[in-house]
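# Close look at the chain arrangement
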Amino acid sequence: AQSVTQPDARVTVSEGASLQLRCKYSYFGTPYLFWYVQYPRQGLQLLLKYYPGDPVVQGVNGFEAEFSKSNSSFHLRKASVHWSDWAVYFCAVSMEGGRALIFGTGTTVSVSP
Amino acid sequence: GGIITQTPKFLIGQEGQKLTLKCQQNFNHDTMYWYRQDSGKGLRLIYYSITENDLQKGDLSEGYDASREKKSSFSLTVTSAQKNEMAVFLCASSPLGNQDTQYFGPGTRLLVL
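### Topic: the side chain of A:Asp85
Topologically, A:Asp85 is positioned in the loop between β9 (73-78) and β10 (87-95). With residues up to four places along the chain from it excluded, the contact list for A:Asp85 reads A:Phe63, A:Lys78, A:Val109 and A:Val111.

Next comes the structure, spelled out in structure tokens:
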């Protein structure tokens, strides 16, 4: 069955430091992969999405993610974290023509001064 | 641009009560979704609707009913609230043919006493 694993429930990073959030997927076929962000008391917003092609995709606010078929991973990165990046980040997968997304459990990012 | 509105923002119910959550979108999107978000469990799909008058069950449909009254609105009913239940219900929508990219509402927070 398709699934998404985010092994880190919570990550604390200093402002200005780099950030990497891990995502592993289990999927038969060609996956479409996504990162969504949920700011406090808000709904989810799309950060970036991967469709088959270039394995590195750029998103909003300086985020990027890299797809690795050999590792079944889609890790999210940011070079320099800002306090406004304090949020919950969700990785998700869907199949081509799929009707719905399968979400991971989320990683809460806290930013320290 | 558009917006998704969910009402109410907060919902407090009693055990065994039937509770209805409402969602409106003005994106003119065809597909709408209801997810349940529990702490540490990510988002789980309850129901989705590809178009008006269509209903499809998700992984978590037991204990819920849904209704797609018109293209812009999608309601979810908790048929019998469970004591001490606490969760956030998120509504989302997406255009037909691009169902990977979903736009989310701010959520309804449910607490059952």
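Once you've had a look at it, read on.
### Focus on the environment of A:Arg77
Residue and element names in this part refer to chain A. Within the element layout of this structure, Arg77 appears in strand β9. Using a relative accessible area of 23% as the deciding quantity, one classes Arg77 as partly exposed. Considered as a pair, Arg77 and Leu19 are 58 residues apart in the sequence and their alpha carbons are 5.5 Å apart. Once you skip the residues sitting within four places of it in the chain, Arg77 turns out to touch Leu19, Gln20, Val56, Gly62, Phe63, Glu64 and Glu66.

### Focus: the environment of B:Asn28
Residue and element names in this part refer to chain B. If you trace the backbone, Asn28 turns up in the loop between β3 (19-25) and β4 (31-38). Relative accessible area serves as the criterion here: at 54%, Asn28 is assigned to the exposed category. A sequence separation of 65 residues divides Asn28 from Ser93, and the C-alpha atoms of the two residues are 9.1 Å apart. Within the structure, Asn28 has its side chain in polar contact with the side chain of Lys71 (distance 3.1 Å).

### Here's the deal with the state of the cysteines
This structure, assessed with the given rule, holds two disulfides over all chains. Disulfide pairing is shown between A:Cys23 and A:Cys91; the S-S distance is 2.0 Å. Handedness of the A:Cys23-A:Cys91 disulfide follows from its S-S torsion of about -70°: it is left-handed. Of this pair, A:Cys23 sits in the loop between β3 (19-21) and β4 (24-26) while A:Cys91 sits in strand β10; the two residues are 68 residues apart in sequence, bridging distant segments of the chain. For A:Cys23, a relative accessible area of 0% gives the class buried. What makes A:Cys91 buried here is its relative accessible area of 0%. Residue B:Cys23 pairs covalently with B:Cys91 via a disulfide, S to S 1.9 Å.

Rules behind the numbers
Residues numbered from 1 in each chain as written. Chains lettered and ligands numbered in written order. Predicted model: local features only at pLDDT ≥ 70, side-chain atom pairs only at ≥ 80, totals over all residues. Heavy atoms only, no water. Helix = DSSP H or I, 4+ residues; strand = E, 2+ residues; numbered from the N terminus. Contact = heavy atoms within 4.5 Å. Buried < 20%, exposed > 50% of the residue type's maximum accessible area, 1.4 Å probe, protein only. Polar contact = N/O pair within 3.5 Å; in protein donor to acceptor, adjacent residues only side chain to side chain. Disulfide = S-S within 2.5 Å.

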